[in-house]
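Here are the chains, one letter per residue:
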Amino acid sequence: MTEQLRMMAVHAHPDDESSKGAATMAKYVSEGVDVLVATCTGGERGDILNPKLQGDPYIEAHIHEVRKKEMDEAREILGVKQEWLGFVDSGLPEGDPLPPLPEGCFALQDVEAAAEPLVKLIRSFKPQVITTYDENGGYPHPDHIMTHKISMVAFEAAGDPTKYPDAGEPYQPLKLYYNQGFNRPRTVALHEALLERGMESPYGEWLERWKSFERAERTLTTYIPCADYFEIRDKALIAHATQIDPDGGWFRVPMEIQKEVWPTEEYELAKSLVDTSLPEDDLFAGIRNN
């Protein structure tokens, strides 16, 4: 295939692109693939999760601007392009019963209307491959679930000349994937590898929590070998300083163990308009050389 390969990763908030599929994106960028991150919200309602920055009055008053600068830095590290879809963060409701979502937030938008800016971006960027979240959002954050919903509508509508006539010339992407990097086989493998080496595992509580509720196993169809880009992934993640504690659980598994035990990032092929054989080791399988 002589045409430029293009990939779009649709994410809910700034930092999601660095915690889900970042090494994959960095790998494809290094191979000359054009990669665009579509960020649905500005992360305005995200908590300051890095204890070193909690209580900073400037950050608390300017969280939207701070997270935008963090996204700019992460984008440069990954070598990707990035566009904002312009929706307002819904926040993660807590309590029993859960409080109502804030008026005007992303998760309360009409799905068909909210898909239009994504359709417009797909038609202008023309990605053959799109990655997004599954119907559970990866985890049940309302913005992640809404990201899934608009991604599915946009994938189907982008190539339909009868849909969204004001959003540009129709263009049909060929494959759509769900990010499945936080999967049980990976978590178990890393957990056991650490225990075998006499080291403490950060995953014990995760695995216990998974036992306590029904968590359907996802079908992992695609394993992208990208261990050489794990350091870039981590550097991009640390750039989101309000969200990530560099001394926290994200970084407790030594890099050499990660690379040896689980050197891939995983995806679930949700839609494909091309023939491919599973399992895959390339998101562009069935597209290259066609």
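None of these values were measured; they are calculated from a predicted model. Chains are numbered independently. Their residues run from 1 in the order of the written sequence. Where local features are concerned, this predicted model is filtered to residues with pLDDT of at least 70; where side-chain atom pairs are given and counted, the filter is 80 or more; whole-chain, interface and lining totals use all residues. Side-chain measures were taken over the full set of non-hydrogen atoms in the model, leaving aside hydrogen atoms and water.

A. Structural detail: helix 8 (residues 184–196). In this description a helix means any DSSP run of H or I spanning at least four residues, a strand means any run of E spanning at least two, and both kinds are numbered starting from the N terminus. A helix's residues, less one, multiplied by 1.5 Å, set its expected span. The terminal C-alpha atoms of helix 8 lie 18 Å apart, and with 13 residues this matches the ideal 18 Å at 1.5 Å per residue to within 8%. R186, T187, L190, H191, A193 and L194 are the residues of helix 8 that are buried. Taken end-on, helix 8 shows its buried residues confined to a sector of 165 degrees, consistent with a single buried face. Just downstream of helix 8, G198 is the residue with a positive phi angle, here 75 degrees. To sort residues, take the accessible area from a 1.4 Å probe on protein chains only and compare it with the maximum for the residue type: under 20% means buried, over 50% means exposed, and anything in between is partly exposed. Note that the arc is computed from the directions linking the helix axis to the C-beta atoms.

B. Representation of the sheet that holds strand 4 (residues 129–132) within the structure. Spatial strand order, 3-2-1-4-5-7-6: seven strands in an open sheet with mixed pairing. Since the sheet does not close on itself, it has two edges, and those belong to strand 3 (81–87) and strand 6 (222–225), each with one partner. Across the sheet, the axes of successive neighbouring strands diverge by a mean angle of 30 degrees, strand direction being ignored. As judged from the four bridges shared by strand 4 and strand 5 (residues 175–179), these two strands associate in the parallel manner. Paired with T131 across the strands is Y177, a residue of strand 5. Here, two residues are considered to be in contact whenever any of their heavy atoms come within 4.5 Å of each other. Between N-to-C directions, angles cover 0 to 180 degrees, with each direction set by a line fitted to C-alpha atoms, over the stretch in contact for helices. Docked against the sheet, helix 7 (residues 142–157) engages strand 1 (6–11), strand 2 (34–41), strand 3, strand 4, strand 5 and strand 7 (264–272), running at close to 170 degrees with respect to strand 5. Only when DSSP finds a minimum of two bridges between them are two strands counted as paired.

C. Broad picture of the packing of aromatic side chains. Paired rings are identified among Phe, Tyr and Trp, the last through its six-membered ring, by centres lying within 6.5 Å, and are further divided according to the angle between planes into stacked (under 30 degrees), edge-to-face (over 60) and tilted (the rest). Inspection of every chain in the model, using the stated rule, returns five aromatic pairs. Where Y177 meets Y267, the ring centres are 6.2 Å apart and the plane angle is 75 degrees; that geometry is what we call edge-to-face. Here the residue Y177 occupies a position in strand 5, and Y267 occupies one in strand 7, the gap between them amounting to 90 residues. A residue is classified by how much of its surface remains accessible, and Y177, at 0% relative accessible area, is buried. Its relative accessible area of 2% is what places Y267 among the buried residues. Among the aromatic residues, ring-to-ring pairing joins F182, Y203 and W206 into one connected group. Only Lys NZ and Arg CZ are tested; either one counts as a charge over a ring when it is within 6 Å of the ring centre and within 35 degrees of the ring normal. For R233, the ring lying beneath its charged end belongs to F230, and the centroid distance is 4.3 Å.

D. Seen up close, the packing of helix 6 (residues 116–125) against helix 7. Axis separation between helix 6 and helix 7 bottoms out at 9 Å; the angle between their running directions is 45 degrees. Accordingly, the angle class assigned to the pair helix 6 and helix 7 is oblique. Between helix 6 and helix 7 lies a crossing of right-handed hand. The segment helix 6 lies against helix 7, with L118, V119, I122 and R123 engaging I150, S151, A154 and A157. Asp, Glu, Lys and Arg are counted as charged, while Ala, Val, Leu, Ile, Met, Phe, Trp, Tyr, Cys and Pro are counted as nonpolar; the rest, among them Gly, fall into the polar class. Grouping the constituent residues of the contact of helix 6 with helix 7 by class yields six nonpolar, one polar and one charged. Roughly parallel refers to an angle under 35 degrees, roughly antiparallel to one over 145, roughly perpendicular to one between 65 and 115, and oblique to any angle outside these ranges. Each crossing is labelled by how the near helix is turned from the far one, with a counterclockwise turn of less than a right angle marking it left-handed and a clockwise turn marking it right-handed.

E. Local environment of the pattern of salt bridges. Each reported salt bridge corresponds to a side-chain nitrogen of Lys or Arg within 4 Å of a carboxyl oxygen of Asp or Glu. For the structure on display, the rule yields 20 salt bridges. Note that R218 is salt-bridged to D134, the shortest N-O span being 3.7 Å. Taken together, the residues span a long stretch of sequence, with R218 in the loop between helix 9 (204–212) and strand 6 and D134 in the loop between strand 4 and helix 7 at a distance of 84 residues. The class for R218 is partly exposed, based on a relative accessible area of 24%. We classify D134 as buried; its relative accessible area is 3%. Between E268 and R218 there is a salt bridge; the shortest N-O distance is 3.0 Å. Taken together, the residues span a long stretch of sequence, with E268 in strand 7 and R218 in the loop between helix 9 and strand 6 at a distance of 50 residues. A relative accessible area of 12% places E268 in the buried class.

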